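# Observations on chain architecture
Residue-level listing of the chains:
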Amino acid sequence: MKNETDQNGFFSLLKKGNKSSAVAAIGNVIIAVCKGFAFFVGGSGAMFASAMHSLADALNQGFVFIGSVLSEKKPTPRFPTGFGRVINIFCMIAVLVVTIMAYETIKEGWHLLQHPTGATGGFWLSVIVLIINLVIDGAILFKAMKEILHEARVENVTGLGIVGGAFKNVGRAAPPTRLVFYEDIVAVTGALLALIAILVTALTNFNLLDGIATILIGFLMMGVAFRVGYDNMVGLIGVAAPEDVEMKVIRLILSDKDVSDIKALRVLQEGRYYHVEGLVELRKGFSLADADDIKYRVKDKLIADPDITDVTLGIIEEDDIIDLVDRLIPL
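Residues numbered from 1 in each chain as written. Predicted model: local features only at pLDDT ≥ 70, side-chain atom pairs only at ≥ 80, totals over all residues. Heavy atoms only, no water.

Turning our eyes to something else, we now look at a nonpolar patch on the surface. Residues Leu-55, Leu-59, Phe-63, Ile-89, Ile-93 and Leu-236 make up a contiguous nonpolar surface patch of about 450 Å² in total accessible area. Broken down by secondary-structure element, the contributors of at least two residues to the nonpolar patch are helix H4 (45-71) and helix H5 (86-114). Broken down by element, the nonpolar patch gets its largest block of residues, three residues, from H4. Here Ile-93 is to be found in helix H5. (Patch = residues over 30% accessible without salt bridge, like charges linked within 9 Å, V, L, I, M, F, W, Y side chains within 5 Å. Areas by Shrake-Rupley, 256 points an atom, 1.4 Å probe, with all protein chains shown as cover. Salt bridge = Lys/Arg side-chain N within 4 Å of Asp/Glu carboxyl O. Helix = DSSP H or I, 4+ residues; strand = E, 2+ residues; numbered from the N terminus.)

Here it is, written out as structure tokens:
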């Protein structure tokens, strides 16, 4: 009981919180303050949109970090399946924040199209702030990419392979990491759009670009809201694990010398963890006590995987009909 209490203690859970969202929240607070100051000095609509986006990111990632901490709580008698889906609830709150900020950004962009203002000062301040933005958000995005590979258990990937690997495996990452990844793609793109708008409006008379860039940033934010919202809606309902994860579970079960087949199997993803339910066929001739020992041996093997948090197995005697064994992918 003491060990379970220690695992659910505040500082213990805090250490398990999603590091990408924590770093992103701190970084975006700094960026939002800098952009807000640059907007008041220079009056750029694109800078306003970018500041709104950074503020939304900071709030979201703060919410998501709290959710990731709570989702690490161990199962209790009242909540026997654990708290994995708590993070999906917090991500849905983040989606609402992004949607509101996106609406305000698009509305400001439309206003700028109707009443273009042009450059009003603070040019170099705005440029420096956006360059700092690109550096910080670029670093956060790269960290999120490496976190995706870590959570997906993809190893020996370096250089540009990290970028491709992150896009390929983002669906297997934890919801907080996915949110940081998507939001920082938009953050980097939005900072580039804002920088282009400020440079063009300062050097030419094409003042409408300020409003256009602001609206584009708003729609990018809306796109992130829909994408993250969809992912977390699926997570709240409950979604089957990726096929390669299911195959890994099948291999682990069939690697036991006394297991002949798997009659039924369901692997459910909750957050970045998996719940396994299965009906295992054992070779003929075991006593009930021996069969029970085999079941717990297989269960312990599955639980030893850091991504699997809950296993429920039933056992029956083999029926000489091949079920899941023929789906095993050769190593």
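The topology assignment puts Ile-31 in helix H3 (residues 19-42). Sequence-wise, Ile-31 and Ile-136 are 105 residues apart; in three dimensions their C-alpha atoms are separated by 8.1 Å.

Read across the sheet, four strands follow the order E1-E2-E3-E4 without closing on themselves; strand pairing throughout is mixed. The strands lining the two open edges of the sheet, one partner per strand, are strand E1 (239-240) and strand E4 (308-317). Bridging between strand E3 (residues 273-282) and E4 involves nine bridges; their strand directions are parallel. Considered in E4, the bridge of Glu-281 is made with Ile-316. The strands touched by helix H10 (residues 243-254) within the sheet are strand E2 (259-270), E3 and E4, with E2 carrying the most contacts at an inclination of about 145 degrees. (Pairing = 2+ DSSP bridges. Contact = heavy atoms within 4.5 Å. Axes fitted to C-alpha atoms, helices over the stretch in contact; angles between N-to-C directions.)

According to the stated counting rule, one finds nine salt bridges in the structure shown. Put simply, Asp-258 and Lys-257 hold a salt bridge, and the shortest N to O gap is 3.2 Å. Where Asp-258 meets Arg-297, a salt bridge forms, and the shortest distance between an N and an O atom there is 2.8 Å. Taken together, the positions of Asp-258 in the loop between H10 and E2 and Arg-297 in helix H11 (residues 288-303) put the pair 39 residues apart, joining distant regions of the chain.

With respect to the helices, strands and loops of the structure, Asn-133 is situated in helix H6 (residues 123-151). Within polar-contact distance, the side chain of Asn-133 engages the side chain of Lys-35 at 2.4 Å. In contact with Asn-133, other than residues within four places in its own chain, are Ile-31, Lys-35, Ser-50, Gly-138 and Ala-191. (Polar contact = N/O pair within 3.5 Å; in protein donor to acceptor, adjacent residues only side chain to side chain.)

So, on to the packing of aromatic side chains. Any two aromatic rings considered together are summarised by their centre-to-centre distance and by the angle between their planes. Tallying each qualifying case throughout the model produces two aromatic pairs. When the centroid spacing of 5.1 Å and the interplanar angle of 75 degrees are considered together, the rings of Phe-167 and Phe-181 count as edge-to-face. With Phe-167 in helix H7 (residues 161-169) and Phe-181 in helix H8 (residues 175-203), this residue pair connects regions lying 14 residues apart in the sequence. By relative accessible area, which is 49% here, Phe-167 ends up partly exposed. The class of Phe-181 is buried, set by a relative accessible area of 1%. For the ring pair Phe-181 and Tyr-182, a centre distance of 5.7 Å and an interplane angle of 55 degrees mean the geometry is tilted. Look at Tyr-182 and you get buried, because its relative accessible area is 14%. Among the aromatic residues, those joined into a cluster by ring pairs are Phe-167, Phe-181 and Tyr-182. (Phe/Tyr/Trp six-rings, centres within 6.5 Å; stacked < 30°, edge-to-face > 60°. Buried < 20%, exposed > 50% of the residue type's maximum accessible area, 1.4 Å probe, protein only.)

Attention shifts here to the nonpolar core. Within soluble globular proteins, side chains that are nonpolar tend to cluster in buried spots. Ranked by size, the top nonpolar core spans 46 residues in total, and within it Leu-130, Phe-181 and Met-221 carry the most contacts. Mapped by element, the contributors of at least two residues to this core are H3, H4, H5, H6, H7, H8 and helix H9 (208-237). Ranked by residues supplied to this core, first place goes to H8 with 10 residues. The contacts of Leu-130, once residues within four sequence positions are left out, are Lys-35, Met-47, Ser-50, Ala-191, Ala-194, Leu-195 and Ile-198. (Core = buried A, V, L, I, M, F, W, Y, C linked by side-chain atoms within 4.5 Å.)

Before going further, it helps to examine the confidence of the model for the chain. Here the chain shows a mean pLDDT of 79. Residues at 70 or above account for 89%. Per-element mean pLDDT across the chain ranges from 47 in helix H1 (residues 2-7) up to 91 in H11. (pLDDT = per-residue confidence, 0-100.)

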